[in-house]
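Understanding the architecture of this molecule
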Amino acid sequence: MKKMFLVYLLILLFSSAIMYAQGNKNNYNSLSGKITGFLFDEQSQNPIEYGNVAVFSLIDSSLITGGISNKTGYFEIDNIKPGKYFCKASFMGYETYSIKDIMVTPKSIDVDLGKISLKTKSINLKEVEVKAEKEMYSYNIEKKVINVDKMLTSVGGSALDVLQNIPSVNVDADGTVSLRGNTNLTILIDGKPNGMAALSPEDALAQLPASSIESIELVTNPSARYDPEGTGGIINIILKKNAETGFNGMISLNAGTRDKYNGSLNLNYKVNGFNFFGTFDGRSGWNTDVNSSHRISNIDNSINYLDQNQYNSSLRQGSSLNTGVDIFLNNFNTITLSYQYRSHGGNSSGNLFSNQYDDNLFSYSNSIRNAISTREMRSSGYNLGYKKTFDEKYRELTLDISYSDDKMDNTSLFNQSSSVWGGYLNKINKTISNNENKEWEIAGNYVHPINQDSKFEAGFESQLENPIMHFDYFNNPSDNIWIEDLAKKNYFDYKLQTHAVYATYINKIYDLSFQLGLRAERAFTDSKSEITGVSYKNDYFSLYPSLHLSYELNKEQELQFSYSRRVDRPSHRTLNPYVDYTDSLNISYGNPYLKPQYINSVELSYGLYIGKSSMTASVFGKQTDDVISSVSILGSDGVTRTTYENIAKSLSYGMEFILMQPLSSWWRMNANLSVYKYKFENKGSDISTYNNYSWTAKLNNNVTMWWDVQLQFIINYSSPSVSVRSGWGGGSVSSQSKMDAIYFADLALKKDFLNGNLSVLFRISDIFNTRNFNSTITGTNFITTSARSMDSRSLYLGVSYRLNMGKVKEREKENMNEMDDF
């Protein structure tokens, strides 16, 4: 009944909005106004006769009408319907002058542009082309924005390649993303989590091509408007959208060593109140992974050793489709329908060699395990959106409904041959998993400007998520006969509902801008193990305040402060009590009794902007209660068991510096340094405290070489770091996992042809093949050292071509988010 009520409510809201829009449209059609003004020469102040003034729609940049000035410079353009426009004034020998943000409304039906002065064009003996380019990094009161099209070293790669080269972000060997050392993040695509739920974040990012990304938004202290999930903050990936009229697009093809291929096609057609868009991409590539480890343990005063060596090879293939249409009902009402489909899968095979021996170096157990697996993931997403703007600038209403259905199927075959004390044992096992997640999201947001410097924003958001995990385990004691192992069978059904309302208020008093926010959220969780019939429930109510301040010291200096409260809800993977026996000597399982962990985060930053140079320095701190920690114990049988518990609290703080400095007209440098300290306190019977210092540095050089060849060289360094693993089981066992330093460099070259429509790019990832992942885990009765290397050094050659087949006009964009920059 609740779901049906929400659907009926949404249908009613959309129906009312459309009826209201049509009613407005009829009223607007009966009204018409005019635009007037004067054209003058800027230097002589003489009127310009026969000057041309053209009126364009702000929605799609289409030409509406125009007029010509008389001998006094006066022009008058009649029959202008209510709406949003921009004008261009021009005359031979003068520079074109653009007038933005023209509003014709029933209340202000006539618009007087006043006196417009045109500049005479300067005459050059040699033609010089000047291009305005976006900065690689930009900031506002709430987020950092990184323009991905400036990152040549990511072309041909995936979203993971993009993220590992931007400030504050690191990517480890498994594709796990961390922001300022924190892996607990919310990763969004165009502000929505669609298509991510059934996949692990690293799988979803690995299949998202870099060529489809416009920019990356880093939100370390999100306001109350955002979903509070993710203690480390939010990474929002903005996909490319085409704002030009007519038919246009881009096609890209890339090939890399070890049979890595990918390509994408982006098409857009905008005409007569409609904007049709579609993007298709596909990728295929082989990857190898080599891992070795050595463990020394002391069990019952007996020294034992375990050596393991693993070799894996996998083929990853994926494709995605994103298509839809924007319907411009009029200048104030827009409906968007879109559909996304993602498919990702592949085959993998590997061998794990294990050898156990005693303190006399006598081998008493060794085994070889071969694993072959196939995996297929599919995700479908449906989106319906409505946006209404008003006569009043910045006032808008948005309503969105999204539905996604994600599925993942995996089949693995294990063949393990073991020799124990001279005996021989051969085991063949098969696992089949079928996971599915269905998710609904309904949201509405209203922005009401109070005056030029202040606005009020309020909204609601409801999410219904239902991941279902099915896992079957089979033994094969004799040829061609599979027997199901019911003890290892796992069917887990998890339901999560979150319903929230929020409000924010923005204002500016002299040079101080501030944003206050509060979000109230009610969560309902219900999980069940279908095998045991045991259910687990945890419902809770939470408040999430936020505060953002910005103070302009002068035009070149700015101070910012922010605070937010966030949450990390346990995922269905960490809640699932299923025991993973993939590695029989290292098993793991979830804990269905986990509680959410809450975090309070503060940040203070200083920005200095001089010309094209800028420097940002930040200090930040986070305190987390009821930390969800992975906990391990080494049993007397030599098997390490790992699960999760709310047994700790932590405090982390640090400093960050970002410098953007042009060294010359052809060389631009961006540098980033982040330093962290992490303090962890175990709240068990024996309180243990750990401190860890670490730092990361990135240096990005962009050079324009001869013949306009662009070169980009990026260096990344991460210092040794420590992650804490807390004890669990029959005692307080504490351990620390130390990761060795990681460093690597990427290089890319790009050359444009055919007036920039054709681009050819060559890049090398991990030039010196140094991106290795070595670690040491130290526990009460064991120490394990590991070394891991992957396919990180690759060469890529890519080509992209821009399609412009229709009448293309440069759109004058209206910055509807300008007030967010306070």
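Just above sits the structure.
A quick note: this is a predicted structure, and the numbers were derived from the prediction, not measured.

**Concerning the pattern of salt bridges**
Under the counting rule described, the total for this entry stands at 18 salt bridges. Taking the shortest distance from any N to any O, the salt bridge between K438 and E436 comes out at 4.0 Å. Looking at E436, the relative accessible area reads 24%, which means it is partly exposed. Salt bridges here are not isolated pairs; linked through shared partners, they connect D227, E229, E461, R519, E521 and R569.

**Here we look at the pairing of strand β19 (residues 333-358)**
Side-chain positions along a regular strand alternate between the two faces of the sheet. Note: strand β18 (residues 302-330) against β19, 26 bridges, orientation antiparallel. Residue pairing for β19: N322 is matched across the bridge by Q340. Linking β18 to β19, which pair antiparallel, is a turn of 2 residues. Note that β19 and strand β20 (residues 363-389) share 25 bridges and pair antiparallel. By the bridge assignment for β20, Y341 is matched with S380. The hairpin formed by β19 and β20 contains 4 residues between the paired strands, and L361 there has a positive phi angle of roughly 60°.

**Brief notes about the pairing of strand β27 (residues 534-537)**
Sheet topology note: the strand β26 (residues 512-529)/β27 ladder contains 4 bridges and is antiparallel. Within β27, the residue paired with K528 across the bridge is S535.

**Brief notes about the sheet that holds strand β6 (residues 97-104)**
What the 4 strands build is an open sheet, ordered β3-β2-β5-β6; its pairing is antiparallel. Edge positions in the sheet fall to β3 (63-68) and β6, since each has one partner strand and no second. Strand-to-strand, the axes of this sheet are offset by a mean angle of 25°, without reference to chain direction. Where strand β2 (residues 52-57) lies against β3, 5 bridges are found, and the strand directions are antiparallel. Residue pairing across strands places V55 opposite T65, the latter belonging to β3.

**Comments concerning the nonpolar core**
One broad trend across soluble globular proteins is that nonpolar side chains are buried collectively. The biggest cluster of nonpolar side chains holds 23 residues, and the ones touching the most others in it are L163, V177, I213, I216 and I237. The set of elements that each furnish at least two residues to this core consists of α2 (159-163), β10 (169-171), β11 (177-179), β12 (186-189), β13 (213-219) and β14 (234-239). The element that contributes the greatest number of residues to this core is α2, accounting for 4 residues. Filtering out sequence-adjacent residues up to four positions away, L163 remains in contact with V169, V171, V177, L205, I216 and I235. Listed in part, the 19 residues of the second largest apolar core include Y85, C87, I99 and L113.

**Here's the deal with the side chain of N716**
Counting through the fold element by element, N716 comes out in strand β37 (residues 710-718). Since its relative accessible area comes to 3%, N716 is described here as buried. A distance of 2.8 Å separates the side chain of N716 from the side chain of K698, its partner in a polar contact.

**Regarding the packing of aromatic side chains**
All told, the structure shown has 15 aromatic pairs when counted by the stated rule. Clustering of aromatic rings is evident, with ring pairs tying together Y339, Y382, Y403 and W440. The ring of F56 carries K88 above its face, with NZ or CZ at 5.8 Å from the centroid. The side chain of R771 reaches across the aromatic face of F744, ending 4.9 Å from its centre.

**Points about the environment of P662**
Turning to its location among the elements, P662 is positioned in strand β34 (residues 640-662). Among the residues examined, P662 registers a relative accessible area of 24% and is labelled partly exposed. Considered as a pair, P662 and N702 are 40 residues apart in the sequence and their alpha carbons are 9.3 Å apart. When residues no more than four places from it in sequence are discounted, the contact partners of P662 are K612, S613, W667 and R668.

Conventions we followed
Residues numbered from 1 in each chain as written. Predicted model: local features only at pLDDT ≥ 70, side-chain atom pairs only at ≥ 80, totals over all residues. Heavy atoms only, no water. Salt bridge = Lys/Arg side-chain N within 4 Å of Asp/Glu carboxyl O. Buried < 20%, exposed > 50% of the residue type's maximum accessible area, 1.4 Å probe, protein only. Pairing = 2+ DSSP bridges. Helix = DSSP H or I, 4+ residues; strand = E, 2+ residues; numbered from the N terminus. Axes fitted to C-alpha atoms, helices over the stretch in contact; angles between N-to-C directions. Core = buried A, V, L, I, M, F, W, Y, C linked by side-chain atoms within 4.5 Å. Contact = heavy atoms within 4.5 Å. Polar contact = N/O pair within 3.5 Å; in protein donor to acceptor, adjacent residues only side chain to side chain. Phe/Tyr/Trp six-rings, centres within 6.5 Å; stacked < 30°, edge-to-face > 60°. Lys NZ or Arg CZ within 6 Å of the ring centre and 35° of its normal.

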